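# A structural walkthrough
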Amino acid sequence: MENQMIRSIFYSEFHPTAGPKIVFQVPEEIISAEEFHLMHIYVIPKKQLRNRTITLNFGGHRILGCPVYIEGPQYERNALIFNCCFVFDSSKDSSKYEKIVRKLSGYLTTLEVQHNFLSSEKKNEKLPAIMNAILNDLNKFGVCEIYIDPSTSLHLQREESVRDLVDVNDHDVPIMINKPSEGFENLDVAAKQVMRFIDGKRFVMVIALDADMDLKIVKHVVRLLVQHKICSLIPIFQYSNVYMTTPNLNKLIQDKNLQEQCLKFVAMREMIPCLRDVLQMYCSMVFGTTIRDLCAQLNPRFRGIHEDTLLDLLRQLLN
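Here is a short report on the structure shown in this document.

Cut-offs used in this document
- Residues numbered from 1 in each chain as written.
- Predicted model: local features only at pLDDT ≥ 70, side-chain atom pairs only at ≥ 80, totals over all residues.
- Heavy atoms only, no water.
- Helix = DSSP H or I, 4+ residues; strand = E, 2+ residues; numbered from the N terminus.
- Rg over C-alpha atoms; globule rule 2.2 N^0.38 Å.
- Buried < 20%, exposed > 50% of the residue type's maximum accessible area, 1.4 Å probe, protein only.
- Contact = heavy atoms within 4.5 Å.
- Areas by Shrake-Rupley, 256 points an atom, 1.4 Å probe, with all protein chains shown as cover.
- Lys, Arg positive; Asp, Glu negative; His and termini not counted.
- Charge placed at Lys NZ, Arg CZ, Asp CG, Glu CD.
- Axes fitted to C-alpha atoms, helices over the stretch in contact; angles between N-to-C directions.
- Parallel < 35°, antiparallel > 145°, perpendicular 65-115°, else oblique.
- Core = buried A, V, L, I, M, F, W, Y, C linked by side-chain atoms within 4.5 Å.
- Phe/Tyr/Trp six-rings, centres within 6.5 Å; stacked < 30°, edge-to-face > 60°.
- Salt bridge = Lys/Arg side-chain N within 4 Å of Asp/Glu carboxyl O.
- 1 Å grid on protein atoms, 1.4 Å probe; cavity = no way out; pocket = protein on both sides within 12 Å on 5 of 7 lines; lining within 4 Å.
- Points joined across faces, edges and corners; volume = space filled by probe spheres on them.
- Nonpolar A, V, L, I, M, F, W, Y, C, P; charged D, E, K, R; others polar.
- Polar contact = N/O pair within 3.5 Å; in protein donor to acceptor, adjacent residues only side chain to side chain.
- Expected span 1.5 Å × (residues − 1).
- Arc of directions from axis to C-beta.
- Pairing = 2+ DSSP bridges.

## Considering the overall build of the protein
When helices and strands are counted, the protein shows twelve helices and ten strands. Taken over C-alpha atoms, the radius of gyration comes to 26 Å for the protein, far larger than the 20 Å a tight globule of 319 residues would show. For the protein, the C-alpha atoms occupy an extent of roughly 85 × 40 × 35 Å along the three principal directions. The burial tally for the protein puts 47% of its 319 residues in the buried class. Taking the intrachain contacts of the protein between residues at least 6 apart in sequence as the baseline, contacts between residues at least 24 apart amount to 63%. Total accessible area on the protein is roughly 16900 Å²; 51% of this is exposed by carbon and sulfur atoms. In the protein, which carries 37 positive and 38 negative side-chain charges, the distance between the mean positions of the two groups comes to 2 Å.

Written out as structure tokens, the structure is:
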């Protein structure tokens, strides 16, 4: 899946005396004060463009925002005017983020109307941390859930195109490759239930049976986990499969702690195998050689090695 990197998020307002200005930006100085001065009329535009998505190409940046006007006598000039913008490289396609920007503007509007979240200097101090969490989680997972307080949260998810969708089959085996963020784990009861049964051995159909869930729902959850780079899919273990190592095998050669973990992980019962035998098994995994062939040639169980867990290590510890 193409990585749509958000370079920065900035929150700008129309100050009653200083005029349009960037109040918060994470990380800082992606958009300089000079650059903002030249383009502020498009970031804080006329009232007719409020609540509309605006895309601006300027100085090598693509800037996506949705300006908001909140009218009320409590504000100087009788209105709070703000825009929380996402910044991309000018070559990036920002269309997947248009709904996110509109939704974020809606959340901020509600927070301001109900709690004075933006106009209160004490409350808006939380905004940079929120923006930073949104930036990191959307870039890494494409989804985030940020808790403002125990009763208020922001839920944002990038829109995926058809070409980004992952094909999940009944007998694919999902394995965890990244720890999900706290926000992702809180998104969905179904996702939490499916993740409980992802162990690198169960295939999708078995996960559905063990979790007592509809197969279509499990496939949908696994597809999201793959898209957000929390897990990947591998074929079900069969002795007719062919596996090959990658340069990541060097980790095992160089890392003493990983070697100790490896020997305990692949051992059959109390019999700890020799590292040389484990490396010989891995180095013998070449194109055209099946696991059945390896077992016939090297007899891993005689050496205290369980071939199934040996492959689990290859999939997980050396990923």
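Let us keep going from here.
## Some words on the packing of helix 5 (residues 189–196) against helix 7 (residues 215–227)
The N-to-C vectors of helix 5 and helix 7 enclose an angle of 85°; their axes lie 10 Å apart at closest approach. Taken together, the axes of helix 5 and helix 7 lie roughly perpendicular to each other. Here A190, A191, V194 and M195 of helix 5 lie close against helix 7, whose contacting residues are I217, V218, V221, V222 and L225.

## Considerations on the nonpolar core
Residues I9, F86 and I134 are the most contacted members of the largest nonpolar core, which totals 34 residues. Elements with a contribution of two residues or more to this core: strand 1 (8–15), strand 2 (19–26), strand 5 (68–71), strand 6 (79–89), helix 2 (98–115), helix 3 (127–141), strand 7 (143–149) and strand 8 (152–157). If we skip the residues at most four places from it in the chain, F86 touches I6, S8, I9, R62, I63, L64, Y97, I100, V101, L104, I134 and L138. Counting residues in hydrophobic clusters, the runner-up holds 21 residues, among them F197, V218, V222 and L225.

## Overview of the packing of aromatic side chains
In the structure shown here, the tally under the stated rule is five aromatic pairs. Within the aromatic cluster, the residues linked to one another by ring pairs are Y11, F24 and F82.

## A short note on the pattern of salt bridges
Evaluated as defined, the whole model comprises seven salt bridges. Close ionic contact of D277 with R303 constitutes a salt bridge, the shortest N to O distance being 2.9 Å. Taken together, the positions of D277 in helix 10 (residues 275–283) and R303 in the loop between helix 11 (291–298) and helix 12 (307–316) put the pair 26 residues apart, joining distant regions of the chain. Owing to a relative accessible area of 12%, D277 belongs among the buried residues under this scheme. When its relative accessible area of 23% is taken as the criterion, R303 is described as partly exposed.

## Considering unusual backbone geometry
Here the bond from V26 into P27 is cis, since omega is -20°, no more than 30 degrees from zero. Counting through the fold element by element, P27 comes out in the loop between strand 2 and helix 1 (33–43).

## Comments concerning the layout of surface pockets
If you add up the space inside the largest pocket, you get close to 530 Å³. Lining the largest pocket we find 18 residues, and of these E13, F14, H15, P16 and L80 sit closest to its centre. Split into classes, the residues belonging to the lining of the largest pocket amount to eight nonpolar, five polar and five charged.

## Some points on the side chain of S105
With respect to the element layout, S105 can be found in helix 2. Judged by its relative accessible area of 3%, S105 is buried. Within polar-contact distance, the side chain of S105 engages the backbone oxygen of C66 at 3.2 Å. Every residue in contact with S105, bar those within four places of it in the chain, is listed here: C66, V68 and F82.

## Quick notes on helix 2
The terminal C-alpha atoms of helix 2, which comprises 18 residues, lie 26 Å apart, in line with the 26 Å expected from a rise of 1.5 Å per residue. Residues I100, V101, L104, S105, L108, L111 and E112 constitute the buried set of helix 2. All buried residues of helix 2 project into a common sector of 135° when viewed along the axis, lining one side. For helix 2, the exposed residues lying more than 90 degrees away from the buried face are V113 and Q114. Once helix 2 finishes, N116 follows within two positions and takes phi at roughly 55°, a positive value.

## Focus: the side chain of N241
Looking at the element boundaries, N241 is found in the loop between strand 10 (231–235) and helix 8 (250–254). With residues near it in sequence (within four places) discarded, N241 still touches P235, I236, T289, T290 and I291.

## Quick word on empty space enclosed by the protein
Going through the model one piece at a time under the given rule, you end up with one cavity of 30 Å³ or more. Here the largest cavity defines a volume of roughly 40 Å³. Considering the residues around the largest cavity, the lining is formed by Y42, V43, I54, L56, I63, G65, N83 and C85. Among the elements of the structure, helix 1, strand 3 (54–58), strand 4 (61–65) and strand 6 are those that each provide at least two residues to the lining of the largest cavity.

## What about the pairing of strand 6?
Burial runs high along strand 6: nine of the eleven residues are buried. When strand 1 meets strand 6, the two strands line up antiparallel, connected through six bridges. Bridged to S8 within strand 6 is V87. Sheet topology places strand 4 next to strand 6; four bridges connect them, and they run antiparallel. Residue R62 lies in a different strand from strand 6, and its bridge partner there is F88. Pairing between strand 5 and strand 6: four bridges, direction antiparallel. Following the sheet pairing, Y69 is matched in strand 6 by I81.

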